[in-house]
Amino acid sequence: MTFVRTRLALDRMARGAVLLVRLRGEEPRRNVPRTATEQGHHVLDQQEEPGGTTRLLIRKG
């Protein structure tokens, strides 16, 4: 479900725009970056934040 929301946000963006996504849980941390890359987007940065959140920057491809 997390990637569905991410994909909807990416679909509304212009090519080259950057999306900030905050993820919680192990499954989204593995799946969202992998799926974004598979769909032609670029993961610019992935950082762990306090409280168990992961900050992910994705550039729309």
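Nothing here was measured: the structure is a model prediction, and the numbers come from that model.

(A) Quick look at the overall build of the protein chain. Check the secondary structure of the protein chain and you find 2 helices and 3 strands. Here the protein chain has a C-alpha radius of gyration of 11 Å; the compact-globule value for 61 residues is 10 Å, and the two agree. Relative to its full complement of 61 residues, the protein chain shows a buried share of 36%. By sequence separation, contacts in the protein chain at least 24 residues apart represent 56% of the contacts at least 6 residues apart. Element-wise, carbon and sulfur atoms account for 49% of the exposed surface of the protein chain, whose accessible area totals about 4000 Å². Charged side chains in the protein chain number 12 positive and 7 negative. The centres of these two groups are separated by 6 Å.

(B) Representation of the nonpolar core in the model. The biggest cluster of nonpolar side chains holds 11 residues, and these are Phe3, Ala9, Leu10, Met13, Leu19, Val21, Leu23, Val32, Ala36, Leu56 and Ile58. Elements supplying a minimum of two residues to this core: α1 (2–11), β1 (18–24), α2 (26–38) and β3 (53–59).

Conventions we followed
Residues numbered from 1 in each chain as written. Predicted model: local features only at pLDDT ≥ 70, side-chain atom pairs only at ≥ 80, totals over all residues. Heavy atoms only, no water. Helix = DSSP H or I, 4+ residues; strand = E, 2+ residues; numbered from the N terminus. Rg over C-alpha atoms; globule rule 2.2 N^0.38 Å. Buried < 20%, exposed > 50% of the residue type's maximum accessible area, 1.4 Å probe, protein only. Contact = heavy atoms within 4.5 Å. Areas by Shrake-Rupley, 256 points an atom, 1.4 Å probe, with all protein chains shown as cover. Lys, Arg positive; Asp, Glu negative; His and termini not counted. Charge placed at Lys NZ, Arg CZ, Asp CG, Glu CD. Core = buried A, V, L, I, M, F, W, Y, C linked by side-chain atoms within 4.5 Å.

Remember, this is a structural readout, not a statement about activity or role.
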